[in-house]
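Descriptive analysis of the structure
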Amino acid sequence: MTQSVGETELGHTPEMVPQESGAEIRGRSLWQIALRRLRRDKAAMFGVGLVLFFVLLALLRPLLDLIAGVDPFTFDASSVTSAGLPIGPIGGISAHHWLGVEPSTGRDLMARLLYGVATSLIVSVVSAIVAVGVGVVTGIAAGYFGGWVDSLISRIVDVLLGFPQLLFLIALTPLIANRLNSFGIDSTSPFWRGLILVMVISVFGWPYFTRVIRGQVLSLREREFVDAARTVGASGGHILFRQILPNLWAPIIVFTSLIIPVYITVEASLAYLGVGFVTPTASLGVILQDAVSWSTVVPSYFFLPGLVLFLIVLGFNIFGDGLRDALDPRSSH
Amino acid sequence: MIRYILRRLLLAVLTLFVLSVVCYGLFYAIPTDPAAVSCSKQCTPQNLAGARHKLELDIPIQCQYLRFVKGLVTERHYANMTGPKDFIGCPSVGAATPESYNCAAPCLGYSFARDTGVNDLIGPKLPVTVSLTLYAAILWILMGVGAGIVSALKPRSLMDRVVMVLALAGVSLPTFFTGLTIQKFVVDQGYWPIRPDYFSPFSQPWFFLQAMFLPAFVLAIANAAIYARLTRANMLETLNEDYIRTARAKGLRERRVVVKHALRAALTPLVTIAGLDIGALLGGAIITEKVFNIQGLGFLIVDAVNNLDFPVITAVTLLAAAFIVFLNLIVDLLYGVIDPKVRLS
């Protein structure tokens with residue numbers, strides 16, 4: 001994988017040069033160009049930095065909790081007044097509570113934020129992977145096989161895109177939760193609620209990607225290198241996985257990185273509307289929803305989670321933009 | 001052309017049909033008895049049975065669905081479903097009684113939780129959401145397209161950078177967060193002359209513009225940011241086209257080149273997006289309405305979901321889908337008019 005283009009070409013005797021190695025060389029060098037472009041793009045690197053920062057925080061959460069000696073669930077009556085107001089400057093900052101505490105309960109805000117970042121990231125990333133995954137498979141199937149497969153998939157996509165999405169998310173989530181409750185499952189637990197969210201978000205997410213990938217496959221299918229592979233008798237599987245799929249990675253990666261921030265926002269909005277995660281589970285949406293009633297009394301408690309939410313979404317957006325520019329052969333930067 | 005429209009209309013009907021079946025399927029899946037929602041506290045078994053009977057819940061689900069579809073085209077009265085069974089086994093309507101609810105076509109159903117016809121619930125909310133959406137659309141198109149043009153005319157200038165940074169921030173700010181911030185720190189503190197509320201834009205236009213400005217603005221922010229970025233990208237691309245060079249070479253004034261030649265081509269793709277965005281919001285600007293406590297369709301649906309008020313959920317969902325499908329069609333037809341390259345077939 002680390003070989004340069006020149007060495008690879010020298011290393012092959014003429015009869016050892018099948019099409020796929022030619023495609024691989026071109027593909028790899030495109031990635032190298034893209035990576036170099038991305039590294040030179042200061043804005044994109046800022047986005048990468050922001051994303052990495054929050055991902056690291058989410059991963060190191062247990063360790064940070066241990067160092068600070070806090071956790072997201074324990075009530076701490078000693079850190080709030082009898083009226084529920086945090087004791088200490090800017091929302092109750094102290095040696096014990098580094099970012100202050102939650103009013104009335106005294107739960108540690110840093111621990112809750114870290115836990116919230118982790119929850120929001122997991123739900124949005126898993127939803128994005130499921131939605132893009134289903135979209136890619138159905139998009140390739142529709143574009144490559146054509147005929148009735150294409151008609152069937154395209155009609156389903158058309159119908160689903162006609163659905164009012166946010167409205168349906170809101171209507172569907174409590175129904176599923178209700179159903180799970182009737183099976184004796186606690187649907188408010190983080191795992192089940194997360195599963196419901198991933199399910200409903202990706203059910204309405206995939207049609208967009210199907211449509212885009214289908215279009216890409218339709219145009220790739222007619223390109224010379226696919227014709228060439230077909231002429232020398234390559235199997236359908238080979239054409240699909242070795243010729244077409246490598247050319248789809250760029251759009252797939254760009255779409256995934258740009259849809260994650262959208263899903264982070266969707267999760268937060270659903271929590272605000274009362275159909276997402278619920279306290280004591282922490283997600284960025286839940287923390288904000290809890291903070292609404294205290295917003296003017298303890299502004300830091302309201303603006304801190306808002307800022308974190310904004311920065312994560314911003315980071316992913318900048319990163320996705322940079323990635324798109326870097327992977328676009330036509331772009332001039 | 002006619003064939004194209006017919007095919008699209010068929011797809012629209014298919015979408016609405018699937019959606020309505022899904023809604024009824026989900027309804028059937030809820031373990032909660034909707035009649036219990038309607039018959040409140042002193043719910044004896046007799047009362048419950050009475051409520052079920054009155055709401056036509058004691059007939060099979062497929063019969064309820066057929067009654068709903070039929071109600072969309074003819075007048076429907078909720079009455080004792082005791083008549084003889086038809087060929088698919090659904091009982092027919094018996095004689096109307098004084099207490100049976102009459103619902104004129106298109107009848108969208110009867111709300112269990114609120115004990116009112118769904119039409120009467122939706123009717124007053126519709127102008128609220130429609131006017132809010134259109135107000136916001138005007139704001140985001142003006143702000144977004146304006147900023148995008150300014151940016152594209154002097155790329156990499158200070159102005160361009162400021163606009164693009166603002167646009168990026170606008171895309172990344174969740175609507176409910178900006179909304180809540182404005183509601184709590186501007187409206188609640190009394191910094192805005194009127195609390196956000198609905199006034200008729202026809203009889204009280206000045207009140208409407210003032211009272212609905214903040215919600216419309218919050219609703220417009222994210223879209224304005226997206227439109228600014230799209231307009232800039234499209235403008236930059238068009239300004240590099242050969243025909244723009246030709247226009248300049250033959251000595252047209254820069255203003256005319258930009259407005260007459262570049263802008264038209266750059267804005268064509270935006271028409272599609274604007275149509276879809278407006279269509280998506282007409283079914284309820286859910287978050288904005290909830291944040292500012294504006295009684296539109298979005299507010300109604302959140303309420304209905306919390307009460308498991310199924311007929312209202314179905315009706316608003318179908319209405320929203322109808323808006324989306326309808327605007328999709330309009331946009332596609334309009335596209336054929338403004339973009340000479342597109343031929344509908």
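Residues numbered from 1 in each chain as written. Chains lettered and ligands numbered in written order. Predicted model: local features only at pLDDT ≥ 70, side-chain atom pairs only at ≥ 80, totals over all residues. Heavy atoms only, no water.

The test is simple: UniProt positions are given in the numbering used here, feature names are shortened, and annotations may be inferred rather than shown by experiment.
Under the annotation held in an unreviewed UniProt entry, chain B carries the name ABC transporter permease and is attributed to Fodinicola feengrottensis. Note on chain B: under the UniProt heading Subcellular location (unreviewed entry), the record states "Cell membrane". Word for word, the UniProt comment on chain B under Sequence similarities (unreviewed entry) is "Belongs to the binding-protein-dependent transport system permease family."

Under an unreviewed UniProt entry, the name given to chain A is ABC transporter permease, and the organism recorded is Fodinicola feengrottensis. The UniProt entry for chain A carries the following comment under Sequence similarities (unreviewed entry): "Belongs to the binding-protein-dependent transport system permease family."

Remarks on the overall build of chain A
Note the cut-off: Secondary structure elements follow DSSP: runs of H or I of four or more residues count as helices, runs of E of two or more count as strands, with numbering from the N terminus. Residue exposure (1.4 Å probe, protein chains only): buried if accessible area is under 20% of the type maximum, exposed if over 50%, otherwise partly exposed. The contact definition used throughout considers only heavy atoms, calling two residues in contact when any of these lie within 4.5 Å. Reported accessibility uses the Shrake-Rupley method at a 1.4 Å probe radius. Residues are deemed covered only where the shown protein chains occlude them.
A count of helices and strands for chain A gives 13 helices and 0 strands. Secondary structure elements of chain A occur, N-terminal to C-terminal, as α-α-α-α-α-α-α-α-α-α-α-α-α. For chain A, the residues scored as buried account for 52% of the 333 residues in total. Looking at chain A alone, contacts between residues at least 24 apart form 72% of all its contacts between residues at least 6 apart. With the model as given, the accessible surface of chain A reaches about 15500 Å², and the carbon-plus-sulfur share is 68%.

Re helix α6 (residues 158–172) of chain B
Using the following cut-off: In this analysis, the expected span of each helix is defined as 1.5 Å times one less than the number of residues it contains.
With 15 residues, α6 of chain B ought to run about 21 Å at 1.5 Å a step, and its terminal C-alpha atoms sit 21 Å apart, in line with that. Among the residues of α6 of chain B, those classed as buried are Asp160, Val163, Met164, Ala167, Leu168, Gly170 and Ser172 of chain B.

Description of the UniProt feature "domain: ABC transmembrane type-1" (unreviewed entry) in chain B
Per the UniProt record, the feature "domain: ABC transmembrane type-1" (unreviewed entry) sits at residues 126–331 of chain B. Regarding residues 126–331 of chain B, the helix share stands at 80% and the strand share at 0%, and the terminal C-alpha atoms are separated by 22 Å.

Describing the UniProt feature "transmembrane region" (unreviewed entry) in chain B
Residue and element names in this part refer to chain B. The positions that UniProt labels "transmembrane region" (unreviewed entry) are, in the present scheme, residues 132–153, 165–186, 206–228, 262–287 and 312–338. The span residues 165–186 is 91% helical and 0% strand by assignment, and the distance between its end C-alpha atoms comes to 24 Å. Secondary structure across residues 312–338 divides into 100% helix and 0% strand, with the first and last C-alpha atoms of the span separated by 38 Å.

Section: the pattern of salt bridges
What counts, and what does not: Each reported salt bridge corresponds to a side-chain nitrogen of Lys or Arg within 4 Å of a carboxyl oxygen of Asp or Glu.
One pass over the full model with this rule turns up 15 salt bridges over all chains. Notably, a salt bridge pairs Asp303 of chain B with Arg114 of chain B, separated by 2.7 Å at the nearest N-O pair. On the criterion of sequence distance, the pair formed by Asp303 of chain B in helix α13 (residues 297–306) and Arg114 of chain B in the loop between β3 (110–111) and β4 (116–117) is long-range, its members being 189 residues apart. Of the charged contacts, one joins Arg248 of chain B and Glu254 of chain B as a salt bridge, the two residues approaching to 2.9 Å between their closest N and O atoms. Look at Glu254 of chain B and you get partly exposed, because its relative accessible area is 40%. Each of Glu102, Arg107 and Arg112 of chain A takes part in a single network of salt bridges with overlapping partners.

Regarding the packing of α6 of chain B against helix α9 (residues 213–239) of chain B
All names here are of chain B. Test applied: In this description, a line fitted to the C-alpha atoms serves as the axis of each element, helices being fitted only across the stretch in contact, and the angle between N-to-C directions of two axes falls anywhere from 0 to 180 degrees. Orientation labels follow simple angle bins: below 35 degrees gives roughly parallel, above 145 gives roughly antiparallel, 65 to 115 gives roughly perpendicular, and whatever is left gives oblique. We call a crossing left-handed when the near helix sits turned anticlockwise from the far one by less than a right angle, and right-handed when that turn is clockwise. Three classes are used: nonpolar for Ala, Val, Leu, Ile, Met, Phe, Trp, Tyr, Cys and Pro, charged for Asp, Glu, Lys and Arg, and polar for all others, with Gly counted as polar.
Put simply, α6 and α9 touch, their axes get as near as 8 Å, and they point 135 degrees apart. Judged by the angle between their axes, α6 and α9 are oblique. Here α6 runs over α9; the crossing is left-handed. The segment α6 lies against α9, with Asp160, Met164, Ala167, Leu168, Gly170 and Val171 engaging Ile221, Ala222, Ala225, Ile226, Ala228, Arg229 and Arg232. Class assignment for the residues of the contact of α6 with α9 results in 9 nonpolar, 1 polar and 3 charged.

What about the environment of Tyr65 of chain B?
Residues and elements named next belong to chain B. Of note, Tyr65 is situated in helix α4 (residues 61–73). For the pair Tyr65 and Gly25, spaced 40 residues apart in sequence, the C-alpha to C-alpha distance is 9.6 Å. With near-sequence residues (within four places) excluded, Tyr65 lies in contact with Phe17, Ser20, Val21 and Tyr24.

Quick word on the interface of chain B and chain A
So the rule is basically this: Two parts placed together each lose some accessible area; with a 1.4 Å probe, that loss summed over both constitutes the buried area. Pairs of N or O atoms are called polar contacts if they sit within 3.5 Å, as long as, within protein, a hydrogen donor faces a hydrogen acceptor (for residues adjacent in sequence, only side-chain-to-side-chain pairs).
The partner chain A presents 39 residues to the 42 residues of chain B that form the contact. Here chain B meets chain A over a buried area of about 3500 Å², counting both sides, of which 81% is carbon and sulfur. At the boundary of chain B with chain A, the tally comes to 1 salt bridge. A salt bridge links Asp321 of chain A to Arg229 of chain B; the nearest nitrogen and oxygen atoms lie 2.2 Å apart. Connecting chain B to chain A are 2 residue pairs in polar contact (both at pLDDT 80 or more). Those elements that place two or more of their residues in the side of chain B that touches chain A are α1 (2–29), α6, α7 (175–187), α12 (286–291), α13 and α14 (310–338) of chain B.

A few points about the packing of aromatic side chains
All names here are of chain B. The following threshold applies: Note on aromatic pairs: the rings of Phe, Tyr and Trp (six-membered ring only in Trp) are paired at centre separations within 6.5 Å, and the planes decide the class, stacked below 30 degrees, edge-to-face beyond 60, tilted for the rest.
Enumeration over the complete set of coordinates arrives at 21 aromatic pairs over all chains. Note on Trp192 and Phe213: the rings are 5.7 Å apart at their centroids and 10 degrees apart in plane angle, and the pair reads as stacked. One end of the pair, Trp192, is in the loop between α7 and α8 (205–211); the other, Phe213, is in helix α9, and 21 residues separate them in sequence. According to the relative accessible area criterion, Trp192 is partly exposed, its value standing at 26%. For Phe213, a relative accessible area of 24% gives the class partly exposed. An aromatic cluster of at least three residues, connected via ring pairs, comprises Tyr135, Trp192, Tyr198, Phe208, Phe213 and Phe217.

Here's the deal with the nonpolar core
What counts, and what does not: Working definition of a nonpolar core: buried Ala, Val, Leu, Ile, Met, Phe, Trp, Tyr and Cys residues. They are joined through side-chain atoms within 4.5 Å.
Formed by 169 residues in total, the largest nonpolar core has its most connected members in Ile140, Leu248 and Ile312 of chain A together with Trp140 and Phe176 of chain B. Dropping the residues within four chain positions of it, Ile312 of chain A is found in contact with Phe54, Val117, Leu121, Ile264 and Leu284 of chain A. Ranked by size, the runner-up nonpolar core spans 8 residues in total, among them Ala44, Leu323, Ala326 and Leu327 of chain A.

Structural notes on the environment of Ala291 of chain A
All names here are of chain A. Along the chain, Ala291 falls in helix α12 (residues 284–291). Classification of Ala291 as buried rests on a relative accessible area of 0%. When sequence neighbours within four positions are dropped, the list of residues in contact with Ala291 reads Tyr301 and Phe302.

Considering the confidence of the model for chain A
Residues and elements named next belong to chain A. Worth spelling out the cut-off: Known as pLDDT, the predictor's per-residue confidence is scaled from 0 to 100.
On average, chain A scores 83 in pLDDT, and the residues at 70 or more come to 90%. Mean pLDDT values for the elements of chain A range from 39 in helix α1 (residues 5–11) up to 92 in helix α6 (residues 109–145). Contacts of residues 1–19 to residues separated by more than four positions or lying in other chains number 12 contacts, the stretch itself having pLDDT below 50.

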